[in-house]
Amino acid sequence: MESLSFERGEAPRSSSLPDRKVSGILNPGSSHGGEAPVIVIGAGFAGASAALTLADAGRPVLLLEAAKAPGGRARSFPDPRSGRELDWGPHLFMKANPALREFLGRIGASASLRFEPSLDLTYRLADGAARGGVRNERLSFPARGGAPASLLALLRWRGPRLAARLSIARGLRRVLKEGPPAVESPAAESKNAGETVEQMLDRLGQGASEREWFWEPFSGAVLNMPAGEGSGELLRRVMCEAFGPGLAGASLGAPAEALGPFWADRALDAIRRAGGEVKMAAPVRRIRIEGGAVRGVTLSGGESIEASVVIAAVPPPALLRLLPAEAFGGKSPWRDLGRLRSASIATAYLWLDHPCPGPAYEALVAERWEWLFRPGAGGLKAGDLRTGEKEPDAPVAFLCGGADSLASAPRSEIESAAREAAGRLLPDFGLRRVLVVRERAATWANGAGEQAHRTAAETPVDGLILAGDWTATGLPATCEGAVRSGFRAAEAAQDPKGG
Ligand SMILES: Cc1cc2nc3c(=O)[nH]c(=O)nc-3n(C[C@H](O)[C@H](O)[C@H](O)COP(=O)(O)OP(=O)(O)OC[C@H]3O[C@@H](n4cnc5c(N)ncnc54)[C@H](O)[C@@H]3O)c2cc1C
């Protein structure tokens, strides 16, 4: 069996997209009657959604990305050994992700993302008493039928014991009754400001079993943090957006393609079609600021591009490197950004000796690994056990995240944990190959104590606008949060004050 690992930056980037040279990059306003472009830095979800919105509105826009391929943290890369395009980490989306779904619609990616009619989750757990040593339990809510139908679904679920299932229903009802935090920046005014997920669950009277089967898979996926640190208010907002209008909003979907072809390549094509310019492998070294206003950017190659509006859609450490400290006389308005913390996510791709059919994703109970994915099965029904047969050579993937999790362990430990878990959770399969990828800064600013330090799109610098999943969206660092921030940044850029 072969095993291999990649850390961030080591893995080959997707080469599927040509590194198209943009004519007139040093004079990019030439195609728009001399109007200087809005420069967007970073082709992740935030930057791409901002750039597309501006291009669609007829504004000249230049998107600059440091990497050779787009997508940021939601990217994929070619695995030379298998010839497959693999995600830097498999992603799950929620039906109640309106901005993300609007953006995917605009770039023509909607058909590759299929949602279940309602929340439909399969759990897998090692159980010596079960046949084959593995138990699968399915929690499948009906799309219609209201509270009585949902209660029936909970009663039918053979996961935790009955008392725990009823307690989950009570806890969920209370969260929905409390409603989402009143303000976009949760820590500012709300009654339960600063509450951790653990404190929230204590307040809701949720016991160990309720947490293990329901709250932890949900909050882990949403916040990528242990319950003792994650923001209860962020979780509450997501729960209210997901479950508030009915159970359909909480249904999950995984893309049917790898992330690059699924959204990032399509987004760049859409931006170009709308008249925007895109430059890959173009790292920005500095945002030029003079007299309290943006003047343009300097690329790492030394070239300068003039602009009066710049949208910086990069994570906090990259942003701090872009801002010239001298422009603020030593008193940077962003000195608190250092308080925002990141958390890692690790994925172990496992090539098995024969096909492993099943749903596109399963929650793992009482394991160091939190999810099992079947990449490529996302376009098919979760209940369809033939999904893994669509591509017999496709790997399955274990995923885990969080600062105190296996994802932060030494790589040798991650690999051996993957082999050990495969032996227990997939006991009928031989392991042909393991490939571990890890993003150390997968998510940002989801902690209870960090919400007050997330910043708005608008800044004290004329023409400088911020975007990214870590900005003050009121949501956790997710693709939905990133796209909302991108839309807002584009709106601010079209404001006559230019942000
Ligand atoms: C393994 C993993 C699994 C995840 N799972 C989920 C999930 O299931 N659901 C979900 O909603 N979210 C998930 N996320 C989080 C999600 O991917 C992020 O919230 C989202 O992609 C962030 O987008 P962004 O545009 O804010 O930032 P980024 O994606 O980080 O984009 C920033 C871009 O800026 C570029 N850049 C940086 N510096 C410069 C510079 N100087 N010049 C030019 N360009 C620069 C970077 O190369 C990058 O492309 C996951 C993340 C990871 C890593």
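Since the structure is predicted, the reported quantities are computational estimates derived from the model, not experimental observations.

Digging into helix α3 (residues 146-156)
Note on helix geometry: an α-helix contains 3.6 residues per turn, so any two residues three or four positions apart are oriented the same way. Listed as buried for α3 are Ala 149, Ser 150, Ala 153 and Leu 154. On an axial view of α3, the arc spanned by its buried residues comes to 145°, and they lie on one face. Pointing more than 90 degrees away from the buried face of α3 are the exposed residues Ala 147, Pro 148 and Arg 156. Buried residues along α3 sit against β9 (134-140) and α4 (162-178).

Concerning the site of the ligand
Taken together, 33 residues lie around the ligand, and Glu 65, Arg 73, His 91, Leu 92 and Asp 469 are the ones closest in. Here a nitrogen atom of the ligand sits 3.1 Å away from a polar atom, N or O, in the main chain of Ala 66. Contact between the ligand and His 91: an oxygen atom at 2.8 Å from a side-chain N or O atom of the residue. Coverage of the ligand by the protein amounts to 91% of the 1,000 Å² it exposes when considered alone. The set of elements that each furnish at least two residues to the shell around the ligand consists of α1 (45-56), α9 (316-322), β20 (431-444) and α11 (479-494).

Some remarks on the packing of aromatic side chains
Ring pairs (aromatic) are described by centroid distance and by the angle formed between their planes. Evaluated as defined, the whole model comprises 15 aromatic pairs. Between Phe 45 and Phe 103, the ring centres sit 6.1 Å apart and the planes meet at 70°, which makes this aromatic pair edge-to-face. Here Phe 103 lies in helix α2 (residues 98-106) and Phe 45 lies in helix α1, a separation of 58 residues in the sequence. A residue is classified by how much of its surface remains accessible, and Phe 103, at 0% relative accessible area, is buried. Between the aromatic rings of Phe 214 and Phe 218, the centroid separation amounts to 6.3 Å while the plane-to-plane angle is 15°, which identifies the pairing as stacked. Here Phe 214 and its partner Phe 218 are both found in helix α6 (residues 208-223), four residues apart, which amounts to about one turn of the helix. A relative accessible area of 5% means that Phe 214 is categorised as buried. Residue Phe 218 is classed as buried on the basis of its relative accessible area of 12%.

What to know about the pairing of strand β16 (residues 342-352)
Within β16, nine of the 11 residues are buried, which leaves it mostly tucked inside the rest of the structure. Bridge count for β16 against β20 is 10 bridges, and the pairing is antiparallel. Among the inter-strand pairings, Ile 345 is bridged to a residue of β20, identified as Glu 439. Sheet topology places β16 next to strand β19 (residues 396-401); six bridges connect them, and they run antiparallel. Across the sheet, residue Ile 345 finds its bridge partner in β19, namely Gly 401.

Some words on the pattern of salt bridges
Summed over the entire model, instances satisfying the criterion amount to 28 salt bridges. Across the salt bridge formed by Arg 374 and Glu 362, the nearest N and O atoms sit 2.9 Å from each other. Linking Arg 374 in the loop between β18 (371-373) and β19 with Glu 362 in strand β17 (residues 361-364), this pair joins segments that are 12 residues apart in sequence. There is no split in this pair, since Arg 374 and Glu 362 are both buried. Ionic contacts of the salt-bridge type, sharing partners, join the residues Asp 127, Arg 135, Glu 137 and Arg 158 into one network.

Brief notes about the packing of α6 against helix α7 (residues 232-243)
The description of two helices packed together rests on the angle between their axes and the distance between the axes. Running from N to C, α6 and α7 cross one another at 105°; their axes reach a closest spacing of 10 Å. Our classification of the angle between α6 and α7 gives roughly perpendicular. Packed against α6, whose contacting residues are Phe 214, Trp 215, Phe 218, Ser 219, Val 222 and Leu 223, the element α7 presents Leu 234, Leu 235, Val 238, Met 239 and Phe 243 at the interface. Its residues placed into classes, the contact of α6 with α7 shows 10 nonpolar, one polar and no charged.

Basis of the calculations
Residues numbered from 1 in each chain as written. Predicted model: local features only at pLDDT ≥ 70, side-chain atom pairs only at ≥ 80, totals over all residues. Heavy atoms only, no water. Buried < 20%, exposed > 50% of the residue type's maximum accessible area, 1.4 Å probe, protein only. Helix = DSSP H or I, 4+ residues; strand = E, 2+ residues; numbered from the N terminus. Arc of directions from axis to C-beta. Contact = heavy atoms within 4.5 Å. Near = heavy atom within 4 Å. Polar contact = N/O pair within 3.5 Å; in protein donor to acceptor, adjacent residues only side chain to side chain. Areas by Shrake-Rupley, 256 points an atom, 1.4 Å probe, with all protein chains shown as cover. Phe/Tyr/Trp six-rings, centres within 6.5 Å; stacked < 30°, edge-to-face > 60°. Pairing = 2+ DSSP bridges. Salt bridge = Lys/Arg side-chain N within 4 Å of Asp/Glu carboxyl O. Axes fitted to C-alpha atoms, helices over the stretch in contact; angles between N-to-C directions. Parallel < 35°, antiparallel > 145°, perpendicular 65-115°, else oblique. Nonpolar A, V, L, I, M, F, W, Y, C, P; charged D, E, K, R; others polar.

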